[in-house]
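# Chain and residue survey
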Amino acid sequence: MVQSVELLLGESSESAIRSQWSTLADAGLPSQGKMVRASNRPHITLFVAHTIPPEVDEILSRRFSLPPFEIRLGGYIVFGGRQFVLARSVIPSRALLRLHRDVFDAAAGSSGIPGHIEPGTWTPHVTLARRIEPDQLGGAISLLSKDVIAGDCGPIRRWDGDEKVEWSLTPPG
């Protein structure tokens with residue numbers, strides 16, 4: 001499975017994304033909102049690997065506090081092949097790129113780091129839906145607001161995909 005470090009969204013931007021999740025689900029389309037776990041929260045993945053050593057969590061917990069910058073979500077982006085992932089792009093700010101670089105540098109000793117998470121190749125985004133069929137994609141996008149979503153950051157969390165547990169690396173705001 002996957003181990004990750006994620007930046008959660010602040011209250012207003014999380015609410016806007018959850019609204020988009022609901023719009024897709026209400027239309028019978030794939031949506032991240034269909035996952036009912038409490039840990040299912042809109043987020044920006046800052047780092048991912050097959051394993052993250054416990055000492056990395058300690059380093060990250062000591063190094064970071066609640067990020068004090070705004071997050072802006074822009075247009076829609078699509079990843080995938082036969083089926084797609086639909087996401088909102090994150091408009092990269094210097095502060096976000098610096099946070100990403102700092103987290104990457106702190107966790108670089110982890111194993112199984114995919115190339116797309118490295119600084120310079122990373123595409124910051126917030127996932128709206130997975131497993132969208134090609135013939136559903138245009139309809140899904142047409143249902144959603146085209147407005148930029150602006151809001152504060154939430155805390156940084158760790159997600160353990162093997163155990164399906166999360167924990168905060170920073171205090172909540």
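Residues numbered from 1 in each chain as written. Predicted model: local features only at pLDDT ≥ 70, side-chain atom pairs only at ≥ 80, totals over all residues. Heavy atoms only, no water.

### As for the pairing of strand E7 (residues 165–168)
- The pairing of strand E6 (residues 149–160) with E7 spans four bridges and is classified as antiparallel. Within the sheet, the bridge partner assigned to arginine 158 lies in E7 and is tryptophan 167. (Pairing = 2+ DSSP bridges. Helix = DSSP H or I, 4+ residues; strand = E, 2+ residues; numbered from the N terminus.)

### Observations concerning the pattern of salt bridges
- On inspection of all chains with the given rule, the structure shows seven salt bridges.
- Salt-bridge contacts for arginine 18 lead to glutamate 14; the nearest nitrogen and oxygen are separated by 2.9 Å. Placement of the pair is arginine 18 and glutamate 14 together in helix H1 (residues 11–26), with a separation of four residues, close to one helical turn.
- Residue arginine 18 is classed as partly exposed on the basis of its relative accessible area, which comes to 31%.
- Judged by its relative accessible area of 12%, glutamate 14 falls in the buried class.
- Arginine 41 is the partner of glutamate 14 in a salt bridge, and the nearest nitrogen-oxygen pair spans 3.0 Å. Within this pair, whereas glutamate 14 is found in helix H1, its partner arginine 41 is found in the loop between H1 and strand E2 (43–49), the two being separated by 27 residues in sequence.
- Overlapping salt bridges, with partners in common, bring together Glu6, Arg157 and Glu166 in one network. (Salt bridge = Lys/Arg side-chain N within 4 Å of Asp/Glu carboxyl O. Buried < 20%, exposed > 50% of the residue type's maximum accessible area, 1.4 Å probe, protein only.)

### A closer look at the side chain of aspartate 160
- Relative to the helices and strands, aspartate 160 is located in strand E6.
- At 2.9 Å, the side chain of aspartate 160 and the side chain of glutamine 3 are in polar contact.
- At 2.9 Å, the side chain of aspartate 160 forms a polar contact with the backbone nitrogen of glutamate 163. (Polar contact = N/O pair within 3.5 Å; in protein donor to acceptor, adjacent residues only side chain to side chain.)

### Quick word on the layout of surface pockets
- Here the largest pocket is characterised by a volume of approximately 910 Å³.
- Taken together, 34 residues make up the lining of the largest pocket; nearest its centre are Gln32, His43, Thr45, Thr127 and Arg130.
- Among the elements of the structure, strand E1 (3–9), E2, strand E5 (125–132) and E6 are those that each provide at least two residues to the lining of the largest pocket.
- Here the element with the most residues in the lining of the largest pocket is E5; it accounts for five residues.
- When the residues that make up the lining of the largest pocket are grouped by side-chain class, the tally is 14 nonpolar, 13 polar and seven charged. (1 Å grid on protein atoms, 1.4 Å probe; cavity = no way out; pocket = protein on both sides within 12 Å on 5 of 7 lines; lining within 4 Å. Points joined across faces, edges and corners; volume = space filled by probe spheres on them. Nonpolar A, V, L, I, M, F, W, Y, C, P; charged D, E, K, R; others polar.)

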